[in-house]
Amino acid sequence: MATKHEQILAFIESLKVGNKISVRQIAKELHVSEGTAYRAIKEAENKGLVSTIERVGTIRIEKKQKENFENLTFAEIVSIVDGQVLGGREGLYKTLNKFVIGAMKLDAMMRYTEKDSLLIVGNRTEAHQLALQEGAAVLITGGFDTDDASKRIADDKKLPIISTSYDTFTVAAMINRAIYDQLIKKEIVLVGDIYTKEEDTYYLHIKDHVTKWHEWEEETTHSRYPVVDDRNKVVGIVTSKDVIGKRDDVLIEKVMTKNPLTVMKETSLAYAAHMMVWEGIEIMPVVDQHHQLEGLISRQDVLKALQHIQKQPQVGETIDDIVSNYFEHASTDSNQATFEAEITPQMTNQLGTLSNGVFVSFVIEAASSLLRQQKKGDLVVENITVYFIKPIQLETKVVFHPKIIDIGRKSAKIDVEVYHERKMVGKAMLMAQLIDR
């Protein structure tokens, strides 16, 4: 039996895209309290089912697929540019394919303006009307209004006409920045991208006996299984060390390890890898928000996927991408690994010197590069101690000398000294867990 919360989410999902919803309306229709309705709407927003726009309300929107991630909806544009919707509110859920800046003569502008695009233009009423007739939405910059005729066309065609107080250049930069951020998000691999679904996994029930574990082991050749209760909730995990020496008729719930670590499909793969390496876990159940089993991930799958990601060209650059792009191997001495990097404007703080955060990223990159060079595998950072860092100027070349102080089968301690023109400008020590390839 579904909970009230689940019923509300199912109801929201069944609504037509573009429908407006409110806490009061849902509370009334589904006979629930306004508090329950509000919590469910907030979760629907987190899941990308609805979007709340100031002065407009909450609207059912299309859930974005990962391949369509870089396309923005008009509702998102309103949020990005702090816009005001002048007309065509019913079309806010639609996705735009491209945007056109109207800084040209009217006929030239119309050649570029096509269906489902967004025309960014100033107070040119004729251009507003022609764009709407072509099936394009309009974003008016400089805080200008438009005439009533344009608003009527926008309402009829369900195409938003938005006004923002920013100028055209700022608006284009803001939209580009938002698309860029979406691209970075698209590159982040989640557990949901690589997990094995429930129907393809083997798991045990609390009322099963140890014999069932032996049956599965013979069939699958692995020895770790999640354990679920009558409501399919993950309550434990069973491994070979739990069943060793136990009679075949003992119940699984008597031998299982309770409250195992779990992840959700929305968990990032890097976080899952960190937990698995840290705790020495081979498999992890994947659960939904009600802790019901959805599948599982294995340590092998996670490490394989992480190594695959490292070889991918990134579209949206994060700080770590920028750091690794400017990081070069510079050793001439085979006994001493040396790396160098040039400090670019993106790496600096407001004073124009190397930011502390980027310094730490360089230290990790230097340690990782040294371990890769010595075929020791990848690392998961345990802690970093920065002993000192002097101001490092923009456009200077810095040299990194990482040195292994101590290394075991599963962990390493690495000292990193940083030089500029043969003077030491920074020093740090890094402790890490090793992931063997």
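This text follows the structure it describes.
Remember, predicted model here, so these are calculated numbers, not experimental data.

Caption draft 1: Quick look at the nonpolar core. In terms of nonpolar packing, the biggest core is built from 30 residues, with Leu354, Phe362, Phe400 and Ile414 touching the most fellow members. Secondary structure elements with two or more residues in this core: helix H15 (319-325), strand E17 (339-342), helix H16 (356-373), strand E19 (397-407), strand E20 (411-420) and strand E21 (423-435). If we ignore the near neighbours within four places in the chain, the residues touching Ile414 are Ala367, Leu370, Leu371, Pro402, Lys403, Ile404, Ile405, Ala428, Met429 and Leu430. Core analysis: the second largest hydrophobic core is formed by 21 residues, Val85, Leu96, Val171 and Ile175 among them.

Caption draft 2: Representation of the packing of helix H6 (residues 125-134) against helix H7 (residues 148-157) within the structure. Contact geometry of H6 with H7 gives a least axis separation of 9 Å together with a crossing angle of 15°. Judged on the interaxial angle alone, H7 and H6 are roughly parallel. When the axes of H6 and H7 are compared, the crossing they make is left-handed. Packed against H6, whose contacting residues are Thr125, His128, Gln129, Leu132 and Gln133, the element H7 presents Ala149, Ser150, Ile153, Ala154 and Lys157 at the interface. The residue makeup of the contact of H6 with H7, split by class, is four nonpolar, five polar and one charged.

Caption draft 3: Inspection of the packing of aromatic side chains at higher detail. The full count for this structure, using the stated rule, is five aromatic pairs. Taking the centre distance of 4.8 Å and the plane angle of 75° together, the rings of Tyr202 and Trp216 count as edge-to-face. Taken together, the residues span a long stretch of sequence, with Tyr202 in the loop between strand E9 (196-197) and strand E10 (204-205) and Trp216 in helix H10 (residues 210-220) at a distance of 14 residues. Relative accessible area serves as the criterion here: at 28%, Tyr202 is assigned to the partly exposed category.

Caption draft 4: Highlighting the sheet that holds strand E18 (residues 378-389). With antiparallel pairing, six strands are arranged side by side in an open sheet as E16-E17-E19-E20-E21-E18. Looking at which strands have only one partner, the edges of the open sheet turn out to be strand E16 (327-329) and E18. With direction set aside, neighbouring strand axes in the sheet form an average angle of 25°. Bridging between E19 and E20 involves eight bridges; their strand directions are antiparallel. By the bridge assignment, Ile407 is partnered in E20 with Ala412. Most of the contacts of helix H13 (residues 269-279) go to E18, to which it runs at about 95°, and overall it touches E18 and E21. Here H16 sits on the sheet and contacts E16, E17, E18, E19, E20 and E21; the angle it forms with E18, its principal contact strand, is near 130°.

Caption draft 5: Highlighting the sheet that holds strand E2 (residues 50-53). The strand order across the open sheet built from three strands is E1-E3-E2, with neighbouring strands paired in antiparallel fashion. The sheet is open, and its two borders are formed by strand E1 (20-21) and E2, each paired with just one other strand. As defined by bridge partners, E2 adjoins strand E3 (residues 57-60) across four bridges and the pair is classed as antiparallel. Paired with Ile53 across the two strands is Gly57, which belongs to E3.

Caption draft 6: Representation of H6 within the structure. For H6, the set of buried residues is Ala127, His128, Ala131 and Leu132. One side of H6 carries all its buried residues, which in axial view fall inside an arc of 130°. On its buried face, H6 is in contact with helix H5 (106-112), strand E6 (117-121), strand E7 (137-140), H7 and strand E8 (161-163). Gly135 lies just past H6 and shows a positive phi near 95°.

Caption draft 7: Broad picture of the pairing of E7. Going residue by residue along E7, you find Ala137 and Leu139 tucked away on one face and Val138 and Ile140 tucked away on the opposite face as well. Pairing geometry for E6 and E7, over four bridges, is parallel. Within the sheet, the bridge partner assigned to Ile120 lies in E7 and is Leu139. The parallel pair E7 and E8 is bridged by H7, and the resulting crossover is right-handed.

Caption draft 8: Summary view of H10. Residues of H10 that are buried include every one of Val210, Trp213, Trp216 and Thr220, and no others. In an axial view of H10, the angular spread of the buried residues amounts to 110°, which keeps them on one side of the axis. Of the residues in H10, the exposed ones pointing more than 90 degrees away from the buried face are Glu218 and Glu219. For H10, the elements touching its buried residues are E10, strand E11 (225-228), strand E12 (234-238), helix H11 (240-243) and helix H12 (252-255). Just past H10, the residue Thr221 takes up positive phi, approximately 65°.

Caption draft 9: Examining the packing of helix H1 (residues 4-14) against helix H3 (residues 34-46) more closely. Direction vectors running N to C along H1 and H3 enclose 55°, while the axes themselves pass 9 Å from each other. What the angle tells us is that H1 and H3 run oblique. Taken as a pair, H1 and H3 cross one another with a handedness that is right-handed. Contact residues: H1 offers Lys4, His5, Ile8, Leu9 and Ile12, while H3 offers Thr36, Ala37, Arg39, Ala40, Ile41, Glu43 and Ala44.

Quick notes on the rules
Residues numbered from 1 in each chain as written. Predicted model: local features only at pLDDT ≥ 70, side-chain atom pairs only at ≥ 80, totals over all residues. Heavy atoms only, no water. Core = buried A, V, L, I, M, F, W, Y, C linked by side-chain atoms within 4.5 Å. Buried < 20%, exposed > 50% of the residue type's maximum accessible area, 1.4 Å probe, protein only. Helix = DSSP H or I, 4+ residues; strand = E, 2+ residues; numbered from the N terminus. Contact = heavy atoms within 4.5 Å. Axes fitted to C-alpha atoms, helices over the stretch in contact; angles between N-to-C directions. Parallel < 35°, antiparallel > 145°, perpendicular 65-115°, else oblique. Left-handed = near helix turned anticlockwise from the far one by under 90°. Nonpolar A, V, L, I, M, F, W, Y, C, P; charged D, E, K, R; others polar. Phe/Tyr/Trp six-rings, centres within 6.5 Å; stacked < 30°, edge-to-face > 60°. Pairing = 2+ DSSP bridges. Arc of directions from axis to C-beta. Right-handed = clockwise from strand over helix to strand, strands pointing away.

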